[in-house]
Amino acid sequence: MSSPKILRRQPTQARARERVERLLSVATEMIAETGSDAMRMTELAERAGVPIGSLYQYFPDKAAILRLLAIRVMERVREMLRRTIEGLDDPKEALTRIDQALVGYYQLFLTEPVTRDIWSATQSDKALQELDIEDSRVNAGLFFDAMKPIVPKHNHARLKAASFLLMQLSGAAVRLAIAVDRKEGDRLMTEYRFMIAREFESLLVGEERAF
């Protein structure tokens, strides 16, 4: 996945990289405390112990900080996915791991409110929306490659489409689940997990669509 240009200036020296990481760490703390809407660049610079001019050398605005934090969430999710689907060779185990991936993704947003805030704050960001779709395509490719050996060949085209839908719709399902109260959110995610399990079970047993 190719990231859009976010940093105004790329840190090349160790001290500069440490400064950028410090800014991102403090930004995350501030978002966790009061939300992204309340975060101000001047306060961020002050709390990070970084001159405001240096802050703007790297980040042109608050949106750039939120984009980079959101991309790091995507990277974490991809690594979770890699670990979950590694070495798939049994259909029953595949269904179990797909469900584990969905539960883990939901838990990430439940246990880390700052992740929810970062993601919500970037939903109106067109560049990040495009990156989200690209991210889903890359994740779908990883998933397709892992599942292909245990799915009948005549269902490979369907598997490819279902993999892409799984990656994109799972994000939408989780965002909906965390936007409502916890009881309803849990119920929605349980139903979504059942839907996904039924879809991939039919793929694994070789069921063909009539349309």
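Computed from a predicted model, the values in this text were never measured in an experiment.

1. Brief notes about the packing of aromatic side chains
Move 1: If you walk through the whole model with that rule in mind, you get two aromatic pairs.
Move 2: With centroids separated by 5.2 Å and ring planes inclined at 90 degrees, the aromatic side chains of Tyr-105 and Phe-109 adopt a geometry described as edge-to-face. With Tyr-105 and Phe-109 both in helix α5 (residues 91-111) and four residues apart, this pair spans about one turn of that helix.
Move 3: Classification of Phe-109 as buried rests on a relative accessible area of 1%.

2. Overview of helix α9 (residues 182-204)
Move 1: The terminal C-alpha atoms of α9 lie 32 Å apart, and with 23 residues this matches the ideal 33 Å at 1.5 Å per residue to within 8%.
Move 2: For α9, the complete set of buried residues consists of Gly-185, Met-189, Tyr-192, Ile-196, Phe-200, Ser-202, Leu-203 and Leu-204.
Move 3: Of the surrounding elements, those touching the buried residues of α9 are α5, α7 (126-147) and α8 (156-179).
Move 4: Residue Asp-181 occupies the N-cap position of α9, its side-chain oxygen lying 3.1 Å from the main-chain nitrogen of Lys-183.
Move 5: At the exit of α9 stands Gly-206, carrying a positive phi of roughly 90 degrees.

3. Re the packing of helix α1 (residues 14-34) against helix α6 (residues 113-121)
Move 1: In contact at an axis separation of 9 Å, α1 and α6 are set at 95 degrees when each is read in the N-to-C sense. With respect to their mutual orientation, α1 and α6 come out roughly perpendicular. Taken together, the residues of α6 that come into contact with α1 (itself represented by Thr-28, Ile-31 and Ala-32) are Val-114, Asp-117 and Ile-118.
Move 2: For the contact of α1 with α6, the class distribution of residues is four nonpolar, one polar and one charged.

4. Focus: the pattern of salt bridges
Move 1: If you walk through the whole model with that rule in mind, you get twelve salt bridges.
Move 2: Of the charged contacts in the structure, one is a salt bridge between Glu-199 and Arg-158, with a shortest N-O distance of 3.3 Å. A residue pair is termed long-range when its members are at least 10 positions apart, and Glu-199 in helix α9 and Arg-158 in helix α8 qualify at 41 residues.
Move 3: Looking at Glu-199, the relative accessible area reads 23%, which means it is partly exposed.

Reading guide: rules and limits
- Residues numbered from 1 in each chain as written.
- Predicted model: local features only at pLDDT ≥ 70, side-chain atom pairs only at ≥ 80, totals over all residues.
- Heavy atoms only, no water.
- Phe/Tyr/Trp six-rings, centres within 6.5 Å; stacked < 30°, edge-to-face > 60°.
- Helix = DSSP H or I, 4+ residues; strand = E, 2+ residues; numbered from the N terminus.
- Buried < 20%, exposed > 50% of the residue type's maximum accessible area, 1.4 Å probe, protein only.
- Expected span 1.5 Å × (residues − 1).
- Contact = heavy atoms within 4.5 Å.
- Polar contact = N/O pair within 3.5 Å; in protein donor to acceptor, adjacent residues only side chain to side chain.
- Axes fitted to C-alpha atoms, helices over the stretch in contact; angles between N-to-C directions.
- Parallel < 35°, antiparallel > 145°, perpendicular 65-115°, else oblique.
- Nonpolar A, V, L, I, M, F, W, Y, C, P; charged D, E, K, R; others polar.
- Salt bridge = Lys/Arg side-chain N within 4 Å of Asp/Glu carboxyl O.

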